[in-house]
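Below are the chains, spelled out letter by letter.
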Amino acid sequence: MIICRLKGGLGNQLFQYAFGYVLSKKGEDTLFIDVEWFDTEGNVPWLTKRSYELNKFAIPSAKIIKHKNIPVIARFCSHRFVRRLLALGKIDNIKVGDWLIVSTTSSFNYMNLPRCKNVLLNGYFDNHAAVYLDGYLDGLREEFKCKIRSDSMQKLLNEIASNEYTTSIHVRRTDQMHETGHKANLEYYKKAIAFIRSKQPNTIFYVFSDDIDWCRVVFSEESNFVFASDKNDKDALRDFVGMKACDNNIIAYSTYSWWAAMLNSNLNKIVVSPHFYDSIDFLPNEWIQIDS
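The model shown is predicted, which means the values in this text are computed figures rather than measured ones. (Residues numbered from 1 in each chain as written. Predicted model: local features only at pLDDT ≥ 70, side-chain atom pairs only at ≥ 80, totals over all residues. Heavy atoms only, no water.)

Caption draft 1: Geometry of the overall build of the protein. The number of helices and strands found in the protein is 10 helices and 12 strands. Taken over the C-alpha atoms alone, the protein extends approximately 60 × 40 × 35 Å along its principal axes. Of all 292 residues assigned to the protein, the portion counted as buried reaches 50%. Pairs at least 24 residues apart make up 63% of the contacts formed inside the protein by residues separated by at least 6 positions. As displayed, the protein offers around 14400 Å² of accessible surface, 49% of which is attributable to carbon and sulfur atoms. (Helix = DSSP H or I, 4+ residues; strand = E, 2+ residues; numbered from the N terminus. Buried < 20%, exposed > 50% of the residue type's maximum accessible area, 1.4 Å probe, protein only. Contact = heavy atoms within 4.5 Å. Areas by Shrake-Rupley, 256 points an atom, 1.4 Å probe, with all protein chains shown as cover.)

Below, the structure is given as structure tokens:
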């Protein structure tokens, strides 16, 4: 059995599920997800409030397991205080009985895990994603099909499909405006837009953002721009599906738009990305990286 302990925002949840999915397919194991974090560890005042969001997707390969039904020793070894102690020792997995508890460090090679009857995944698993997802993206596109489309989402998809060439632009600001945040600055977007236009001059740009008013101001002189985020529809899935539906993607320093681009099924897509300076084997070789 493989259990993914989900945590964080939508992008993080997609990584955690995807890694569990890959392991389950490789080992022909049963996949379960544990969503207890959203009501306990993640439900504290100093963290951005996150919700379990994979229930909006099909995810046919997994079932939810109640946290209390996981053996005590596995729950204990996955507790945040134990994880912190292991991290201090740069230990990314620990074997206890017939359980392997797996966390993450930047240098960890996820695909060389010790064999064990049961595995509990309790990390983020974004590093090496360009490697471990290779060969599994078609299956994950089926896993991550949305179950319900709102009227707003369907209207957006219809509009995108009506254009010959489309490119999504994702701008993430509200939680990246601190001193070390906002890794994809305005200069990055100008370079990325110019690059796409050099390849597809007639493309229509669809802008998605958590600060769409700011985008309207800084891109006010641009032509063929549609400001696609809807302040009256706060569902993160609407923008996610919209970005995924475009022909090309200009992503932010964000796992959210990284996943939209990765799941984009257009075989001829152009993806432009900022450098993810703290990640390893994270960006596919064919993506265009631009300094921000």
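Caption draft 2: Structural view of the side chain of Q13. The topology assignment puts Q13 in helix α1 (residues 10–27). Ignoring anything within four residues of it in the chain, the contact list for Q13 reads L6, K7, G8, F38, S51, Y52, E53 and L54.

Caption draft 3: Structural context of the packing of α1 against helix α10 (residues 255–263). Across the interface, α1 lies against α10 with an axial gap of 7 Å and an inter-helix angle of 55 degrees. In terms of their interaxial angle, α1 and α10 are classed as oblique. For α1 against α10, the interelement crossing comes out left-handed. Taken together, the residues of α10 that come into contact with α1 (itself represented by L10, G11, N12, L14, F15 and A18) are T255, Y256, W258 and W259. (Axes fitted to C-alpha atoms, helices over the stretch in contact; angles between N-to-C directions. Parallel < 35°, antiparallel > 145°, perpendicular 65-115°, else oblique. Left-handed = near helix turned anticlockwise from the far one by under 90°.)

Caption draft 4: Inspection of unusual backbone geometry at higher detail. A positive phi angle is found at F125, which is not glycine, with a value near 60 degrees. With respect to the helices, strands and loops of the structure, F125 is situated in the loop between β6 (118–121) and α4 (129–132). Positive phi outside glycine occurs at N224, with the angle close to 60 degrees. Here N224 is to be found in the loop between α8 (212–218) and β9 (225–227). Among the residues examined, N224 registers a relative accessible area of 39% and is labelled partly exposed.

Caption draft 5: Representation of helix α6 (residues 151–161). Buried residues of α6: M153, L156, L157 and I160, and no others. Looking straight down α6, one finds its buried side chains confined to an arc of 100 degrees; they lie on one side. Opposite the buried face of α6, at more than 90 degrees from it, the exposed residues are D151 and K155. (Arc of directions from axis to C-beta.)

Caption draft 6: Inspection of the pairing of strand β8 (residues 204–209) at higher detail. Of all the six residues making up β8, six are buried; the element is thus mostly covered by neighbouring parts of the structure. Taking every second residue as pointing to the same face, both faces of β8 are buried, with I204, Y206 and F208 on one and F205, V207 and S209 on the other. Of the pairings in the sheet, the one linking β8 to β9 comprises three bridges and is parallel in character. Bridging across to β9, F205 finds its partner in F225. As for the winding sense of the linkage, the β-α-β connection from β8 through α8 to β9 is right-handed. (Pairing = 2+ DSSP bridges. Right-handed = clockwise from strand over helix to strand, strands pointing away.)

Caption draft 7: Summary view of the nonpolar core. One finds L133, F240, W258 and W259 to be the most contacted residues of the largest nonpolar core, which totals 64 residues. Of the residues forming this core, the biggest block, nine residues, is contributed by α1. Counting 19 residues, the second-largest nonpolar core is a separate cluster that includes Y189, F219, F225 and I270. (Core = buried A, V, L, I, M, F, W, Y, C linked by side-chain atoms within 4.5 Å.)

Caption draft 8: Structural view of the sheet that holds strand β12 (residues 288–290). Reading across the sheet, the six strands line up as β9-β8-β7-β10-β11-β12 and stay open at both edges, with parallel pairing between neighbours. Each of the sheet's edge strands pairs with one partner strand only, and the pair in question is β9 and β12. Strand-to-strand twist of the sheet, defined as the mean angle between neighbouring strand axes without regard to direction, takes the value 25 degrees. Of the strands in this sheet, β7 (166–171), β8 and β10 (248–250) touch helix α9 (residues 236–245), which is tilted by about 155 degrees from β8.

Caption draft 9: Summary view of the packing of aromatic side chains. Here the structure, examined in full by the defined rule, presents 23 aromatic pairs. Between F38 and Y52, the aromatic rings sit 6.2 Å apart at their centres with planes inclined by 45 degrees, giving tilted as the arrangement. Highlighted residues: F38 in the loop between β2 (31–34) and β3 (62–64) and Y52 in the loop between β2 and β3, separated in sequence by 14 residues. As far as burial versus exposure is concerned, F38 and Y52 are alike and both buried. Directly above the ring of Y124 sits K7, whose terminal nitrogen or CZ lies 5.5 Å from the centroid. (Phe/Tyr/Trp six-rings, centres within 6.5 Å; stacked < 30°, edge-to-face > 60°. Lys NZ or Arg CZ within 6 Å of the ring centre and 35° of its normal.)

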